Amino acid sequence: APPPQAAPPGDGGVADATVAWVRAHGGGAPTASSSETSISVAPARFPGTGRGAAATTHIPAGDVAAAIPVERLFTVRHALEMPGPRGDAYRMFAALGEDTIAALWLIAERALGEASPWHAVIASLPWPEGGEGSASPCGGCTPVSWPREACDALLGGTPLLADAIAASEKLARQHAALFPALSEHMADVFPASEYTLDNFRRAHEAWNSYGMTVQASPGEPAATCLPPVAMLCNHALWPHVVRYSRLRDGTLRLPVARSVRAGEEVFVSYGAKSNAELLLFYGFALPGNPYDDVPLSLELPGGEVADVTKAREAALARAGLTLSPHAVRAGPLPLPLVGALRVLTADVAALQTFTGNPATDPISSEGETAAARALCGVLGAMVEQLEGGDAQFHIALRSGTAERAVGAGAMEAAKTYRDGVAATLDAALGE
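What you see is a predicted model; the values in this text were computed from it and never measured.

Each value, and the rule that gives it
Residues numbered from 1 in each chain as written. Predicted model: local features only at pLDDT ≥ 70, side-chain atom pairs only at ≥ 80, totals over all residues. Heavy atoms only, no water. Pairing = 2+ DSSP bridges. Helix = DSSP H or I, 4+ residues; strand = E, 2+ residues; numbered from the N terminus. Buried < 20%, exposed > 50% of the residue type's maximum accessible area, 1.4 Å probe, protein only. Arc of directions from axis to C-beta. Contact = heavy atoms within 4.5 Å. Polar contact = N/O pair within 3.5 Å; in protein donor to acceptor, adjacent residues only side chain to side chain. Expected span 1.5 Å × (residues − 1). Axes fitted to C-alpha atoms, helices over the stretch in contact; angles between N-to-C directions. Parallel < 35°, antiparallel > 145°, perpendicular 65-115°, else oblique. Left-handed = near helix turned anticlockwise from the far one by under 90°.

Undergrad: Would you explain the sheet that holds strand β4 (residues 64–69) in this entry?
TA: Remark on secondary structure: sheet strands pair via backbone hydrogen bonds, oriented parallel or antiparallel. Taken in spatial order, the three strands make up an open sheet running β1-β4-β8, and their pairing is antiparallel. Both edges of this open sheet fall to β1 (38–39) and β8 (251–255), since each of them pairs with a single strand only. Bridge count for β4 against β8 is four bridges, and the pairing is antiparallel. Bridge pairing in β8 places Ile 68 opposite Leu 252.

Put into C-alpha cells, the structure is as follows:
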C-alpha cells in the first residue's frame, strides 16, 4: 500500500527552523560511519500521527535517516556548566535530579525566546496555552497536566487514573517545595511570573515526552537529551529505527532497519510500552497494542486465623511470589500471577504439604477451581469499575467539556486506552 500522504507540518515553521539549526553544524551524506551532520528527513504532517518526520529521499535498510552531533543534543550537563548566577543555581540544586534541573532550564530558556541559543529546539516543543491567570484550563499533552475534572472523566474506572493523579500531585509538591521561596530569594534567576505550577508541569511534560536516553560510550551512565530532528520521529509498533541509544564518534545516528520510501513517515521505537505508559508519558495510545496490559494487585484472604495467614505468606516467600505488582495481558496468564492465586486460595493443609513451585504446579485439583474463581472475581470487579467510568466518559464526550479542556487528540487517545483495557480484561477472563 502507498504510504500516507505527507502534508506540510503546519507548525508555523518551527520544526523546519530546528532542522536548519542542526544543518548549520555541518553537512554530508548519511552514512553509517560519517561523524558529520546529515539529515534525510523533513518535518511533515501525517493522518493519524500528526507532526512527524518524512523521508526526503529513499533510505535503504542500513543507512542513516539522521546523524546529529552531540553539540546539538541538550543534556542537563549544559545547564550545570553554565556560567553566572543561573549556572550557580543549577549546581546548587543538582541533587534535585536531572528532571527538575531540566524543567527549570526549559522554563528559563523559553522565556528568553529568540535570545536563547537553544531557541530552535525549544520552540518546537509543545507548550499548551491557558492555565493560571487564564480563562481556559491548562490541558497539556499528557494526563499529568490535564485538569483534574478532565482526568476524572477520561480515565475514570481505569488503573491509570490513580497513576496520573499521583504523578500530577507529585509535581505539585515539588513545585511547592521550590516556589515561591526561590523566586523570593533569587528573583533574577527564578522570576515568579515564569515559574508557575503550570509552566513547571509543561516543562516536565516536554522533557519526559521528547527526551531520549542515550549513552556516550560503553561503561558510561546513560543520560537523557533533547535530540533535535530525532524528536520529530513518532513511535510505531513496526518502526524503521530501533537501535539509536548509543552515541558513536560523538554523534547520535538513526539507522533504519528497513528501507523507507521518499515521502514515507520515518518511525522510531520508544520500546515495548503499554498504552498506559504511552498515554501517561507521551500523550497517545495505539489501537491493538500487543504490549498492552492491565495492572492488578492481590490481597491475602480476610478473616483467617493468624497461623493460616502466616502459612500463606511463608509459601509466597518460598516461591519468590508477591501480592503485587501483577498484570494481565492478551495471551496466557503470567505464571507469577497464577502462582500467587494458587497460594492465596489453596486449602491450608494442602499448602503445608506442597513442595513444588506454585507458579508451574497445581497445589491441588480443588485449588485450581478456587484460584480461577478468585481471578474471575478480581477481573469482574475491574470490569464493573471500568464500565462505571465508561458512563462518565461518554457524558464528557457528548457534552464536549473534556475536549475543550484537553483537545480532540487527547480524547481519542483516552478512548483508545479504555478500549485496550476492556479488550485485555475480556481476554484475561477468557483464559
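Undergrad: I tried to follow the pairing of strand β3 (residues 50–55) on my own but got confused; where do I start?
TA: Summarising burial for β3: six of the six residues are buried, a large majority. Between the antiparallel neighbours strand β2 (residues 41–46) and β3 lie three residues, among them Gly 48 with a positive phi of about 90 degrees.

Undergrad: Could you clarify how one ought to interpret helix α1 (residues 14–23) in this entry?
TA: Three or more residues of α1 are buried, namely Ala 15, Thr 18, Val 19, Trp 21 and Val 22. Down the axis of α1, the buried side of the element spans an arc of 160 degrees, and every buried residue falls inside it. Structurally, α1 contributes buried residues whose contacts are with β1, β2, β3, β4 and α5 (119–122).

Undergrad: Sorry, what's going on with the side chain of Arg 51 here?
TA: Structurally, Arg 51 is set in strand β3. At a separation of 3.1 Å, a polar atom in the side chain of Arg 51 contacts the side chain of Asp 11. Contact partners of Arg 51, with chain neighbours within four places excluded, come to Pro 9, Asp 11, Val 14, Ala 15, Ala 44, Arg 45, Ser 124, Leu 232 and Asn 234.

Undergrad: I'm lost on helix α4 (residues 98–112) in this one. Help?
TA: Since the α-helix turns once every 3.6 residues, residues separated by three or four places project in the same direction. Taking 1.5 Å per residue as the helical rise, α4 with its 15 residues ought to reach 21 Å, and the 21 Å between its terminal C-alpha atoms agrees with that figure. What α4 keeps buried is the set Thr 100, Ile 101, Ala 102, Ala 103, Leu 104, Trp 105, Leu 106, Ile 107, Ala 108 and Glu 109. For α4, the elements touching its buried residues are α2 (76–80), α3 (84–92), α5, α7 (160–178) and α9 (197–210). Gly 113 sits one or two positions beyond α4 and adopts a positive phi of about 65 degrees.

Undergrad: Just checking my understanding: could you explain unusual backbone geometry for this structure?
TA: In terms of backbone geometry, most residues other than glycine have negative phi values and most peptide bonds are trans. Omega for the peptide link from Phe 179 to Pro 180 comes to 15 degrees, which places this bond in the cis form. Put simply, Ser 324 and Pro 325 share a cis peptide bond, and its omega is 0 degrees. For Val 229, which is not glycine, the phi torsion reads 75 degrees and is therefore positive. In this structure, Val 229 sits in the loop between β6 (223–225) and β7 (234–235). Judged by its relative accessible area of 3%, Val 229 is buried.

Undergrad: Teacher, can you tell me more about the environment of Trp 118 here?
TA: Along the chain, Trp 118 turns up in the loop between α4 and α5. The spacing of Trp 118 and Trp 21 is 97 residues in sequence and 9.3 Å in space, taken between C-alpha atoms. For Trp 118, the contacting residues outside a window of four places in its chain are Trp 21, Glu 71, Arg 72, Leu 73, Phe 74, His 78, Trp 105 and Glu 109.

Undergrad: Whenever I open this one, the packing of helix α12 (residues 335–345) against helix α14 (residues 365–399) confuses me. Can you help?
TA: In a pair of packed helices, the angle between the axes and the distance between the axes together describe the arrangement. Relative orientation of the contacting elements α12 and α14 amounts to 110 degrees, with a least axis distance of 8 Å. If you check the angle between α12 and α14, you find them roughly perpendicular. Note that α12 runs across α14; the crossing there is right-handed. Two secondary-structure elements touch here, α12 through Leu 337, Leu 341, Arg 342 and Thr 345 and α14 through Gly 367, Glu 368, Ala 370, Ala 371, Ala 374 and Leu 375.

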